[in-house]
Each structure stands twice: as C-alpha cells, then as structure tokens.
Amino acid sequence: LRLLRPGGHIGVCDFTVLPEEGQTGMMQSFWKKTFASDHVILTTEHRDYLKSVTDQVYEETGFGSLPYVPGFLKAGWYAFIGKKRASTAAPRRRLR
C-alpha cells in the first residue's frame, strides 16, 4: 500500500476461508491443507488487514468450484476494493 497514493484504490480477489459465511471448521481445514500444498495460505487476516488500512468501497464473498474437484467441494473467495485513506500511513504488519 505504500506505493498507492492517498485516495487511490486497490482491488484484490483471492481464495479465503469464510467462517462467517457458515463454512465448517472441517472444510476450512481441508481447503487450508489443499492450498498449502501450493504454498498458498488461506486466512481471514488478509481481508481484515485490507479493511483496517483502507476505506471499504466494495466487498463480495462467495463459494465456487474448481476444475477437477467434485462440485460439492466449493472454496471460499472474496473480491475487495478499498480506498487508501488520505492522512494515515499503512501500519507495518507482516501477514502470514
């Protein structure tokens, strides 16, 4: 976010876990382990961080299927657009 000018917008789309959308702990664990095999870390922290350092313009979450995966197994995803606040610098916080 340091490169984004104040008032600028950032858009992010990614896979995530969605406990607030009713995703069970077992499914969260399944997707975390599945994505971890490709060095992808699924966590709610990414969305929380974006919300803490930007003013939310848009957010959508949902579940979708993946190629070669049975249709009843749906991974959580999110789309987020945020606007960088004019006066504050983004806190330095390393995400897992």
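Just so you know, these numbers come straight off a predicted model, no measurement behind them. (Residues numbered from 1 in each chain as written. Predicted model: local features only at pLDDT ≥ 70, side-chain atom pairs only at ≥ 80, totals over all residues. Heavy atoms only, no water.)

Enquirer: Got a minute to help me understand the pattern of salt bridges in this structure?
Expert: Two side chains that carry opposite charge are able to pair once their charged atoms sit near each other. By the definition in use, this model includes four salt bridges. Glu59 serves as the salt-bridge partner of Lys51, at 3.2 Å between the closest nitrogen and oxygen. Among the ionic contacts, a cluster of salt bridges with common partners joins Glu20, Arg47, Lys51 and Glu59. (Salt bridge = Lys/Arg side-chain N within 4 Å of Asp/Glu carboxyl O.)

Enquirer: Got a minute to help me understand helix H1 (residues 25-36) in this structure?
Expert: Since one α-helical turn is 3.6 residues long, residues separated by three or four positions face the same way. In a regular helix each residue adds 1.5 Å, so twelve residues correspond to 16 Å; H1 covers 16 Å between its end C-alpha atoms and thus fits that length. Along H1, the residues that are buried comprise Gln28, Trp31 and Phe35. Taken around the axis of H1, the buried residues stretch over an arc of 70 degrees, which confines them to a single face. Away from its buried face by more than 90 degrees, H1 exposes Gly25, Met26 and Lys33. Contacts made by the buried residues of H1 are with strand E1 (9-16) and strand E3 (75-84). (Helix = DSSP H or I, 4+ residues; strand = E, 2+ residues; numbered from the N terminus. Expected span 1.5 Å × (residues − 1). Buried < 20%, exposed > 50% of the residue type's maximum accessible area, 1.4 Å probe, protein only. Arc of directions from axis to C-beta. Contact = heavy atoms within 4.5 Å.)

Enquirer: What exactly am I supposed to notice about the nonpolar core here?
Expert: Here is a general trend for soluble globular proteins: nonpolar side chains tend to be buried in one another's company. One finds Val17, Trp31, Phe35, Leu42, Leu73 and Ala75 forming the largest nonpolar core, which totals six residues. Beyond its immediate stretch of four places on either side in the chain, Leu73 contacts Met27, Phe30, Trp31, Gly64 and Ser65. (Core = buried A, V, L, I, M, F, W, Y, C linked by side-chain atoms within 4.5 Å.)

Enquirer: Looking at this model, I keep getting lost on the environment of Trp77. Mind explaining?
Expert: With respect to the secondary-structure elements, Trp77 resides in strand E3. Along the sequence, Trp77 and Thr16 sit 61 residues apart, while their C-alpha atoms lie 5.1 Å from each other. Ignoring any residue separated from it by four or fewer positions in sequence, one finds Trp77 in contact with Asp14, Phe15, Thr16, Leu18, Glu60, Thr61, Gly62, Phe63 and Gly64.

Enquirer: For this particular structure, what's the right way to read the side chain of Thr54?
Expert: When you line up the elements, Thr54 lands in strand E2 (residues 54-64). From its side chain, Thr54 meets the backbone oxygen of Leu50 in a polar contact 2.6 Å long. In this view, Thr54 contacts Leu1, Ile10, Phe80, Gly82, Lys83, Lys84 and Arg85; residues no more than four positions away in its chain are not counted. (Polar contact = N/O pair within 3.5 Å; in protein donor to acceptor, adjacent residues only side chain to side chain.)

Enquirer: Sorry if this is basic, but what is going on with the environment of Gly7 here?
Expert: The topology assignment puts Gly7 in the segment before E1. Relative accessible area serves as the criterion here: at 21%, Gly7 is assigned to the partly exposed category. Sequence separation of Gly7 and Lys84 is 77 residues, and the distance between their C-alpha atoms is 5.0 Å. In this view, Gly7 contacts Lys83 and Lys84; residues no more than four positions away in its chain are not counted.

Note that every value here comes from positions in space, so none of it alone points to a role or purpose.
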